[in-house]
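Fold and contact review
Now for the letters of each chain:
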Amino acid sequence: MAETTQHIDEFFVYSHIPMVAVDARKHIVFCNQAAINTLDISATSVIGQSIDKVINNRDVLALFNEEAPHSADINLPDEGGILTAHLSPLEGMGAVAVLIDTTHQHKVDAIKTNFMNTIARDVRSPLTAILGYVELLERIGSLNEQQHDFIGRIIFSVHSITAMLTNAMELEKIEAGMDTGKEIIAMERIVSYTIEGLKKRIDGKKQACEVVVDEPLPQIWGNPIRLRQLTTALLENAIKYTAEGGAIRVEVYAESDFIILAVSDNGIGIATDEQPYIFEKFYRASNVNDSSSGSGLGLSIVQSIVGQHDGRIWVESQPSEGTTFTVMLPCYAE
Ligand code: ADP
């Protein structure tokens, strides 16, 4: 047992992943060599020192001022890269931060977003022209049934491309921190408006939609448009990836200082090894085929919105059994 503990200790000390732990007074209790190198810590002895005496990086100091659990991006100076830091509570002690190098992921993400936005801007006007002319065809003369059918398919496809481009542009706006105006919001109201808006689709697939709201609920501080987007995207997926006659359940309740929103379905589910990737831009899991509508951007948008509300999101899913997305948003505190 003592040997195992020693191996675990050595793992943390020699790990290439930077880790820093502090006690309740924010004095360093652990800091491995990887953290010393990455954060350019020059002090010779760091243990027992107050974190702000040893670490200069503002993002790291801001991270340790947050209540764990919390995640944030840390920018290293002189274009040294970006780390994604996860701060977790250490029961009865303090908190530990694990810093993962996500520079490459951020670069790839930026390339994807730029690429999509260039396309989005260049392609939108020709698409509008296509739609305009196709719709005119029906007005200039009578068409047979097959021609009608083909026109319907063209219009559907153009609408799908337009929706995808709109999503890409939305994501850029959210990531750039545009229209983040926040107000006090009752989450249950956002949920009920969303369900009202999607009722036709739910009924169209003869699905049962159960809504459980644990009232009275504390309010949250959020952007109503973005939160509506978030609930809509999660519910649209539940509808889309659940068979006709399936069941959807939406739960809203409070836990500690958070509002929890859980959207569950008994649909096709997601394979365990694919679950870590579903929030990435354009990622579509192998449970969907090419002909099913979607751009793989919906969950990236959801994740960005959750991030802008200092929340967390995770998925639990079993193939052929169903999926639950859980979102945790901090309650409004004056
Ligand atoms: P899409 O436009 O493909 O729906 P999303 O970003 O919303 O893109 O979701 C990414 C992928 O995650 C989907 O393509 C699908 O494979 C999977 N997914 C999302 N929600 C569900 C769900 N409720 N049930 C099963 N699979 C889901």
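Residues numbered from 1 in each chain as written. Predicted model: local features only at pLDDT ≥ 70, side-chain atom pairs only at ≥ 80, totals over all residues. Heavy atoms only, no water.

**Re the overall build of the chain**
The number of helices and strands found in the chain is nine helices and 12 strands. Taking the principal axes of its C-alpha atoms as reference, the chain extends roughly 85 × 45 × 45 Å. Residues classed as buried in the chain amount to 37% of the 334 residues present. For the chain, the share of sequence-separated contacts (at least 6 apart) that also reach a separation of at least 24 residues comes to 58%. Carbon together with sulfur atoms contributes 53% to the accessible area of the chain, which is approximately 19,400 Å² in total. One way to put it: in the chain the 25 positive side-chain charges average out to a point 8 Å from where the 45 negative ones average out. (Helix = DSSP H or I, 4+ residues; strand = E, 2+ residues; numbered from the N terminus. Buried < 20%, exposed > 50% of the residue type's maximum accessible area, 1.4 Å probe, protein only. Contact = heavy atoms within 4.5 Å. Areas by Shrake-Rupley, 256 points an atom, 1.4 Å probe, with all protein chains shown as cover. Lys, Arg positive; Asp, Glu negative; His and termini not counted. Charge placed at Lys NZ, Arg CZ, Asp CG, Glu CD.)

**Side note on the site of the ligand**
Taken together, 21 residues form the shell around the ligand, and within it Asn237, Tyr241, Arg284, Asn287 and Leu299 come nearest. One nitrogen or oxygen atom from the side chain of Asp265 is found 2.9 Å from a nitrogen atom belonging to the ligand. Within the contact set of the ligand, an oxygen atom lies 2.5 Å away from a side-chain nitrogen or oxygen of Arg284. Secondary structure elements with two or more residues in the shell around the ligand: helix H8 (224–240), helix H9 (298–308) and strand S12 (322–330). (Near = heavy atom within 4 Å. Polar contact = N/O pair within 3.5 Å; in protein donor to acceptor, adjacent residues only side chain to side chain.)

**Observations concerning unusual backbone geometry**
Following Ala68, the chain continues to Pro69 via a peptide bond in cis, the omega torsion being 0°. Relative to the helices and strands, Pro69 resides in the loop between helix H4 (58–65) and strand S3 (70–76). At Lys206, a residue that is not glycine, the phi angle is positive and equals roughly 50°. Position of Lys206 relative to the elements: it lies in the loop between helix H7 (187–204) and strand S7 (208–213).

**Description of empty space enclosed by the protein**
Tallied over the full model, the rule gives one cavity of 30 Å³ or more. In this structure, the largest cavity occupies an estimated 40 Å³ of space. Along its surface, the largest cavity is lined by Thr113, Met116, Ala168, Leu171, Lys281, Phe282 and Leu297. Contributions of two or more residues to the lining of the largest cavity are made by helix H5 (103–140) and helix H6 (145–175). Counted by class, the lining of the largest cavity contains five nonpolar, one polar and one charged residues. Counting residues domain by domain, the lining of the largest cavity receives three or more from each of domain 2 (105–175) and domain 3 (183–330). (1 Å grid on protein atoms, 1.4 Å probe; cavity = no way out; pocket = protein on both sides within 12 Å on 5 of 7 lines; lining within 4 Å. Points joined across faces, edges and corners; volume = space filled by probe spheres on them. Nonpolar A, V, L, I, M, F, W, Y, C, P; charged D, E, K, R; others polar. Domains from an automatic or database assignment.)

**Considerations on the domain arrangement of the chain**
For the chain, the assigned domains are domain 1 (2–101), domain 2 (105–175) and domain 3 (183–330). Measuring from the centre of the C-alpha atoms in domain 1 to the corresponding centre in domain 2 gives 46 Å.

**Re the environment of Leu297**
Note on placement: Leu297 falls in the loop between strand S10 (258–265) and H9. Relative accessible area serves as the criterion here: at 1%, Leu297 is assigned to the buried category. Placed 13 residues apart in sequence, Leu297 and Arg284 show a C-alpha to C-alpha distance of 8.8 Å. Those residues in contact with Leu297 that sit more than four places away from it in its chain are Met164, Asn167, Ala168, Leu171, Lys281 and Phe282.

**Overview of the sheet that holds strand S9 (residues 247–255)**
In space, the five strands of this open sheet follow the order S7-S9-S10-S12-S11, with mixed pairing throughout. Whereas interior strands pair on both sides, the edge strands pair on one side only; in this sheet they are S7 and strand S11 (312–318). Going across the sheet, the axis of each strand differs from the next one's by a mean of 10°, ignoring polarity. Here eight bridges tie S10 to S12, and the two strands are oriented antiparallel to one another. When the bridges of S12 are listed, Phe258 appears paired with Pro330. Along the sheet, H7 contacts S7, S9, S10 and S12; its crossing angle with S7, the most-contacted strand, is approximately 175°. Strand contacts of H9: S11 and S12, with the helix running at about 140° to S11, the strand carrying the most contacts. (Pairing = 2+ DSSP bridges. Axes fitted to C-alpha atoms, helices over the stretch in contact; angles between N-to-C directions.)

**Some details on the packing of H8 against H9**
Packed helix pairs are specified by the crossing angle of their axes together with the interaxial distance, meaning the distance between the axes. With their axes 9 Å apart at the nearest point, H8 and H9 run at an angle of 145° to one another. By crossing handedness, the relation of H8 to H9 is classed as left-handed. Residues Arg226, Leu227, Gln229, Leu230, Ala233, Leu234 and Asn237 of H8 form the contact with H9, whose own contacting residues are Gly298, Leu299, Val302, Ile305 and Val306. Looking at the contact of H8 with H9 residue by residue, the class counts come to eight nonpolar, three polar and one charged. (Left-handed = near helix turned anticlockwise from the far one by under 90°.)

**As for the side chain of His27**
Here His27 shows up in the loop between strand S1 (19–23) and strand S2 (28–31). Side-chain polar atoms of His27 contact the backbone oxygen of Gly48, separated by 3.5 Å. Apart from the residues lying within four places of it in its own chain, the contact partners of His27 are Ala21, Val22, Gly48, Gln49 and Ser50.

**Describing H9**
For H9, every residue scored as buried is listed here: Leu299, Ser300, Ile301, Val302, Ser304, Ile305 and Val306. Check the buried side of H9 and you find it contacts H6, H8, S11 and S12. Backbone geometry just after H9 places Asp310 at a positive phi near 55°.

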